[in-house]
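Chain residues, written in single-letter form:
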Amino acid sequence: MDVRRRSIIGTSLAVVAAMGLSACGGGEDSGATKTVRVTLANHVWTENIKKALPEFEKQTGLKVELTQLGEDQLSDQYNVKLNAGSSDIDVMMYRPLQEGKLFAKNKYLADLSDEVKSNKDWDFSDFQAGPVQATSYEGKPVGVPIITEQEVLYYRKDLLAKAGLTAPPKTLDELKAAATKIKAADPSVAGFVARTGKSPAVTQFSSFLYSFGGDFVDSSGKASVNTEQAKQAYAYYGGLIKEQGPANVSTDMSWPEAMAIFTQGKAAFYTEANSLYKNATDPAKSKVADTVGFAPFPAGPAGSKPYNIPSWALGVSDGSKNQSNAWKFVEWATGKEQTLAQQKAGVPSARTSVWANPEGTASYPKDLVEAIAASTKDGVGHDRPLVNKVAQAREIVGQPIVDAIAGKDAAAAAETANTAFQKFLDDEAK
Amino acid sequence: MATVTTRTRPHDASATPDTPGWARWANDHRKWLFAAPAMVFVAALIIFPLAWTGYLSLTDAEGSVRAESEFVGFQNYVEVLSDTDRFWPAVGRTAAFTVVALLFEVVLGMAVALLLWRPFRGQKWVRVAILMPLVATPVAVGMMWRLIFDPNIGMANQVLGWFGIGPQPWLAGQHSALPTTIFIDVWQWTPMVVLILLAGLTSLSDEPQEAARIDGASSWQRFRHVTLPLVMPTVIVAILLRGIDALKTFDILYATKGRGGGSFHEVETLNVYAYGLSFDYNEYGISSTVLIIFFLIIIGSMWALTSRRKEAQR
């Protein structure tokens, strides 16, 4: 009895002690170790890099621990972990235009000024100027751009031929006419589809806004979503989806939903980021893989002005205690060799040398390369308001889009949104 | 043998002089020691987060919790409680969602429980089938119904088509989204109510029923005046458990309509709103304020229901 009772107390003390120790242990082993903890988003880029990882591990003797998440879950993960001052993220894939400014301001991203100069062969000057600017904060590089994006027009060659059209529309007016004609011929096929969710639609709407001659903010930094041009853009985008879009269209669609409608053969035209083109041309994912065509973004009153932006970048977490090894991973993943391999596999890169290399564009559909070339020429360097709290700003400037889709007055919605957006900008400037 | 007995200390039979000091201390305080892990757990995972949220709700924390923030007193509460754009509609939706879902769940749950009460052939299989939705993950349930209710390629509209009814927008409609999510909630959680009510029903004795039958009471009269009053405490337990859960519903709403409860905030309840404030807007101060108010609402309704339960038991 005596012995047994004592051993029970002994055991329970041991358990408590062990719990305490393991709680401490979590913090201690996160110094410079051979394991690099990399957090990546679900993307074609990630799938490609995963296949190449053994090569990196062999070269460097490091081990890569990979966490892969959807876009929204990725943001949440960063907010939770980095807010708590966690050191268990080394390399982070992030969206420079969405979160870059906020993350840099919150000191989540390490200053990479010295690292980018450390290796001549890696050559930081090879990266396109626009994307580099978007991954810098207060003049210092805090990330390396890995994927660039332009908006292009996806279309169905067979439906166009059936409607008697020989070439894809070159202007927004032609696009509307063609979409109307196709939907009238077969009401079960939408003439046009695009993102409809208040926040997700903003980026793809931006090219319409620019091509009508508007922008989210004018040159003096004032909200400008109530200009005549902006009102026309809202009315055009929302109206096109309402009139020529799928029946009973939801106002919650992001690209997976819109892409699904297009690849199920339920729509003739679709404006979307070119970096997602594999979803439409891969027969395993798309029912219309062999009839998909690409065209430059149609011109509006102000010409064809699609966005041209770095959609994803790699950064090193400022809280990481393993920063030098983290940089080794970034250096490898963004090196010329990997970038070329990525681009060959369909991921548009930010390196000039890769675009100049014929090998780099050989695997792309020819019409897509032409569309991209046109977009990079006149492209606008942002696809959303450039502010700290991008998520909030997107909801404000996205409201008139969904209002227009729901059949409400786009001009009135734009006025309301502009007032709210100006207030938002004033708050942020404080 | 006798020596051992004399050496034993009088206040504790198990401690001997050669027991190390810490073990003796541990022995004397074993009541606290055994409870300690649980107490640490409660403090670390319930009291601390709650106190921290309470503190944050009085600051203007935003962007990063670790960034400097100022103490602003009850300014956030004033701001939130005067917000008729997002906050009060969210309160309304939370209440509507909970009350309507609960009503259907209790009525349907009672009906199904009464059906399953008396033994019949194949009862086991019917029970298993009815309990199926309960074990499914809410997010998976949300995704499943989202596909079924898709306005263009979903099954729901196809089925309606067979009866000559035109396609409905379901989750995509501005006014039909909330009722549709309520339907999903009812589908998933009625079985839980059935389970609780069935437990209550089986524990009832047969005698009052028999007495009523002999007195010539109809089956409705027997239900209304005998079964229902007897099973009332269980009904209130079911309402309590399911009500708290329904108030806090997040997964089904998020899986079907995404961030902000849809582009027009069609299904944005308090929980979804608070989530958006922290994770989309990084407004930790305001978000904590909403959560504290929400917490008070839950405590309040719980208190109201438990006092009803005590009345029913009397």
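Counting restarts for each chain, with residues numbered from 1 along the sequence as it is written. All chains are assigned letters beginning at A, and all ligands numbers beginning at 1, according to the order in which they are written. Two thresholds apply to this predicted model, a pLDDT of at least 70 for residue-level local features and 80 or more for giving and counting side-chain atom pairs, whereas whole-chain, interface and lining totals are computed over all residues.

Asker: Help me get a handle on the overall build of chain B, residues and values and all.
Answerer: Helix and strand content of chain B: 14 helices and zero strands. Labels follow the DSSP assignment, with helices taken as runs of H or I lasting at least four residues and strands as runs of E lasting at least two, numbered in each case from the N terminus. Going from the N terminus to the C terminus, chain B shows its helices and strands as α-α-α-α-α-α-α-α-α-α-α-α-α-α. Relative to the 2.2 N^0.38 estimate, which gives 20 Å for 314 residues, the radius of gyration of chain B is 27 Å and therefore markedly larger than a compact globule would have. Looking at the 314 residues of chain B, the share that counts as buried comes to 33%. By the convention adopted here, residues are in contact when the distance between their C-beta atoms, placed from the backbone, does not exceed 7 Å. A sequence separation of at least 24 residues applies to 66% of the contacts in chain B between residues at least 6 apart. Throughout, the radius of gyration refers to the C-alpha atoms, and the reference size of a globule is 2.2 Å times the residue count to the power 0.38. Note on burial: count the other C-beta atoms lying within 10 Å of the residue's C-beta; 20 or more is buried, 12 or fewer is exposed, in between is partly exposed, and C-beta positions come from the backbone.

Asker: Tell me about the environment of A:V330, and please be specific about residues and values.
Answerer: All names here are of chain A. By the secondary structure assignment, V330 is in helix α13 (residues 323-333). Sequence separation between V330 and I146 is 184 residues, and the spatial gap between their C-alpha atoms is 9.8 Å. Those residues in contact with V330 that sit more than four places away from it in its chain are V91, V144, L314 and V316.

Asker: Talk me through the interface of chain A and chain B; I want residue IDs and the actual numbers.
Answerer: One frequently used descriptor of interface size is the decrease in accessible area upon assembly of the parts. Contacts between the two partners involve 33 residues from chain A and, on the opposite side, 32 residues from chain B. Looking at which element gives the most residues to the side of chain A that touches chain B, the answer is helix α1 (residues 2-28) of chain A, with seven residues. Split into classes, the residues belonging to the side of chain A that touches chain B amount to ten nonpolar, twelve polar and eleven charged. As a working rule, the residues Ala, Val, Leu, Ile, Met, Phe, Trp, Tyr, Cys and Pro are called nonpolar, Asp, Glu, Lys and Arg charged, and the rest polar, with Gly in that last group.

Asker: Quick one: what's the story with the packing of helix α10 (residues 207-214) of chain B against helix α11 (residues 219-247) of chain B, residue by residue and with numbers?
Answerer: Residue and element names in this part refer to chain B. Interaxial angles span 0 to 180 degrees and are taken between N-to-C directions of axes, which are lines fitted to C-alpha atoms, for helices over the stretch in contact. Closest axis-to-axis distance for the α10/α11 pair is 10 Å, and the angle between their directions is 165°. Considered as vectors, α10 and α11 are oriented roughly antiparallel to each other. Judged by the sense of rotation from one axis to the other, the crossing of α10 with α11 is right-handed. For the pair α10 and α11, contact is made by P208, Q209, A212 and R213 and by R222, V226 and L230, respectively. Among the residues forming the contact of α10 with α11, the class breakdown is four nonpolar, one polar and two charged. In these notes the angle categories are as follows: under 35 degrees is roughly parallel, over 145 is roughly antiparallel, 65 to 115 is roughly perpendicular, and the rest is oblique. When the near helix sits turned anticlockwise from the far one by under a right angle, the crossing is termed left-handed; a clockwise turn instead gives a right-handed crossing.

Asker: Requested: an account of the pairing of strand β8 (residues 267-273) of chain A, with residues and values cited.
Answerer: Residues and elements named next belong to chain A. Counting buried positions along β8 gives seven out of seven residues, so the element sits mostly inside the fold. When strand β6 (residues 144-156) meets β8, the two strands line up antiparallel, connected through five bridges. Residue pairing across strands places Y154 opposite Y270, the latter belonging to β8. Here, any two strands with at least 2 DSSP bridges between them count as paired.

Asker: How would you sum up the packing of helix α5 (residues 87-117) of chain B against α11(B)? Please name residues and give values.
Answerer: All names here are of chain B. Viewed as axis vectors pointing N to C, α5 and α11 meet at an angle of 145°, and their least axial separation amounts to 9 Å. The element α5 and its partner α11 pack so that their crossing is right-handed. Contacts between α5 and α11 involve T94, F97, T98, A101, L102, E105, V106 and G109 from the former and V235, A238, I239, R242, G243, A246 and L247 from the latter.

Asker: Give me helix α8 (residues 172-185) of chain A: which residues, what numbers.
Answerer: All names here are of chain A. Any helix carries an expected span of 1.5 Å times its number of residues minus one. Counted at 1.5 Å a residue, the expected span for α8 with its 14 residues is 20 Å, and the 20 Å between its end C-alpha atoms agrees. Of the residues making up α8, those classed as buried are L172, L175, K176, A178, A179, I182 and K183. Tucked inside the fold, the buried residues of α8 contact α7 (157-162), β7 (190-193), α9 (200-211), α10 (228-244) and β8.

Asker: Pulling in residues and values, what's your account of the nonpolar core?
Answerer: Buried Ala, Val, Leu, Ile, Met, Phe, Trp, Tyr and Cys residues form a nonpolar core when they are connected through C-beta atoms within 7 Å. Grouped together as the largest cluster of nonpolar side chains are 123 residues, with contacts concentrated most on A:F192, A:Y237, B:L197 and B:V290. No other element matches the eleven residues that helix α9 (residues 177-202) of chain B contributes to this core. With sequence-adjacent residues up to four places away left out, B:V290 is seen in contact with B:V80, B:F87, B:L270, B:Y273, B:A274 and B:L277. Core analysis: the next-biggest nonpolar cluster, separate from the first, contains 40 residues, A:W45, A:A104, A:V142 and A:V316 among them.

Asker: So what's going on with the environment of B:F279? Which residues, and what values?
Answerer: Structurally, the position occupied by B:F279 is in helix α13 (residues 270-279). Overall, B:F279 belongs to the partly exposed group, with 17 C-beta atoms counted inside 10 Å. Taking the C-alpha atoms as reference, B:F279 lies 9.9 Å from B:G63; in sequence the two are 216 residues apart. Excluding residues that lie within four positions of it along the chain, B:F279 makes contacts with A:D76 and A:N79.

So, to be careful, I would describe these as geometric facts and stop short of saying anything about function.
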